[in-house]
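Take a look at the letters that make up each chain.
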Amino acid sequence: MDSTTAYVLVVILLATLIRSAFGFGEALVAVPLLAIRIPISIAAPLAVMVSITVAAIIIAQDWRNIHLRSAGWLVVSTLIGIPLGLMLLTEGNQHLVKGTLAAVIMAFSAYALIGRRPPELHSDNRMWLLVCGFCAGVLGGAYGMNGPPLAIYGAMRRWSAQHFRATLQGYFLPASVIGMLGYWLAGLWVREVTRYYLLSLPVVIPAILLGRLVNRRMRGGAFLKFIHVGLILIGTTLLVQAMRG
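So, a few notes on the structure that sits alongside this text. Throughout, residues of each chain are indexed from 1 in the direction in which the sequence is written. Local features in this predicted model are restricted to residues of pLDDT 70 or higher, and side-chain atom pairs are both shown and tallied only at a pLDDT of 80 or more, whereas totals for entire chains, interfaces and linings draw on every residue. To get the side-chain values, take all heavy atoms of the structure and skip hydrogens and water.

**Topic: the overall build of the protein**
Logical step 1: Check the secondary structure of the protein and you find ten helices and zero strands.
Logical step 2: Secondary structure elements follow DSSP: runs of H or I of four or more residues count as helices, runs of E of two or more count as strands, with numbering from the N terminus. Its helices and strands taken in sequence order, the protein reads α-α-α-α-α-α-α-α-α-α from the N to the C terminus.
Logical step 3: When we talk radius of gyration, it's over C-alpha atoms, and the globule rule is simply 2.2 Å times the number of residues to the 0.38. The C-alpha radius of gyration computed for the protein amounts to 17 Å, which stays within 12% of the reference 18 Å derived for 245 residues, consistent with globular compactness.
Logical step 4: If you line up the protein on its principal axes, its C-alpha atoms span 50 × 40 × 30 Å.
Logical step 5: Between buried and exposed lies partly exposed: a residue is buried under 20% and exposed over 50% of the maximum accessible area for its type, with that area taken using a 1.4 Å probe on protein chains only. Taking all 245 residues of the protein together, 51% fall into the buried category.
Logical step 6: Within the protein, contacts between residues at least 6 apart in sequence are counted, and of these 84% link residues at least 24 apart.
Logical step 7: Total accessible area computed for the protein in this model is approximately 11200 Å², and 69% of it derives from carbon and sulfur atoms.
Logical step 8: Counted as positive: Lys and Arg. Counted as negative: Asp and Glu. His and the chain ends are not counted at all. Positions of charges follow a simple convention, taking NZ of Lys, CZ of Arg, CG of Asp or CD of Glu. Computing the positive centroid from 19 side-chain charges and the negative centroid from 7, the protein places the two 9 Å apart. In what follows, residue pairs with any heavy atoms lying within 4.5 Å of each other are defined as contacts. Per-residue and other accessible areas follow the Shrake-Rupley method at a 1.4 Å probe size, with only the shown protein chains counted as cover for residues.

Right under this line is the structure:
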């Protein structure tokens, strides 16, 4: 095994553990770190292929915890955003979009952490579902980072750690399959992506099981704080990338 392959497997192991424990966030680790050693055009599709596997296994384990209505509306609105994200990846100037999304994500989570009354939705809100799903499609198509807008919605709905994790996978599975189809149509699903994916499977599955154990130990307010801290880290990453560009 060459050093690049070993590096890719370590990154995917860590990213999958984060995804399985929190329901999202693996792209904060996977795409930026993978892009250090392999091209972004390989890293982004690879992250999506791993996402499909993680989501399928978690759904098989915990399908009873999925909020199907929320996941369905988020997927539908994501379909509108994916083509724009793919356009940004293959043709567009990504820096303005990255910077804007980073600022929105960081502002929301900072307010939720320090504000007296963090935003809360007592029931599903179609406008927020459409906005968050569309933004997830743009981020997913361009950078393989669907998670932040979905996490924002889940945090506003005050989902438990278990419902949060399961519902996001109910979104990620169809959305990632559609995103992978988009990569294929764009000519980005190449042999190297498949090779890294197959090599990663022996580290992905145990990471999913360990992440599930971590998730089941999380409760209430502490879990939401973890989510908002994670969102701020993701926003910071996007902002740094935009400024460097």
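**Digging into the environment of Arg-19**
Logical step 1: Tracing the sequence through the fold places Arg-19 in helix α1 (residues 3-22).
Logical step 2: Arg-19 sits 142 residues away from Ala-161 along the chain, and the two C-alpha atoms are 12 Å apart.
Logical step 3: Aside from chain neighbours lying at most four places away, what touches Arg-19 is Phe-24, Glu-26, Ser-51, Val-54, Ala-55, Gln-169 and Phe-172.

**Here we look at a nonpolar patch on the surface**
Logical step 1: Nonpolar side chains (Val, Leu, Ile, Met, Phe, Trp, Tyr) are joined into patches within 5 Å and like charges within 9 Å, using only residues with over 30% relative accessible area and no salt bridge. Every case where a carboxyl oxygen of Asp or Glu lies within 4 Å of a side-chain nitrogen of Lys or Arg is listed as a salt bridge. A cluster of nonpolar side chains, contributed by Ile-80, Leu-84, Met-87 and Phe-134, occupies part of the molecular surface with about 360 Å² of accessible area.
Logical step 2: Looking at the element boundaries, Met-87 is found in helix α4 (residues 68-90).
Logical step 3: Residue class for Met-87 comes out partly exposed when judged on its relative accessible area of 47%.

**What about the side chain of Thr-5?**
Logical step 1: Relative to the assigned elements, Thr-5 resides in helix α1.
Logical step 2: Those residues within four positions of Thr-5 in sequence are excluded, and the remaining contacts are Arg-195, Tyr-196 and Leu-199.

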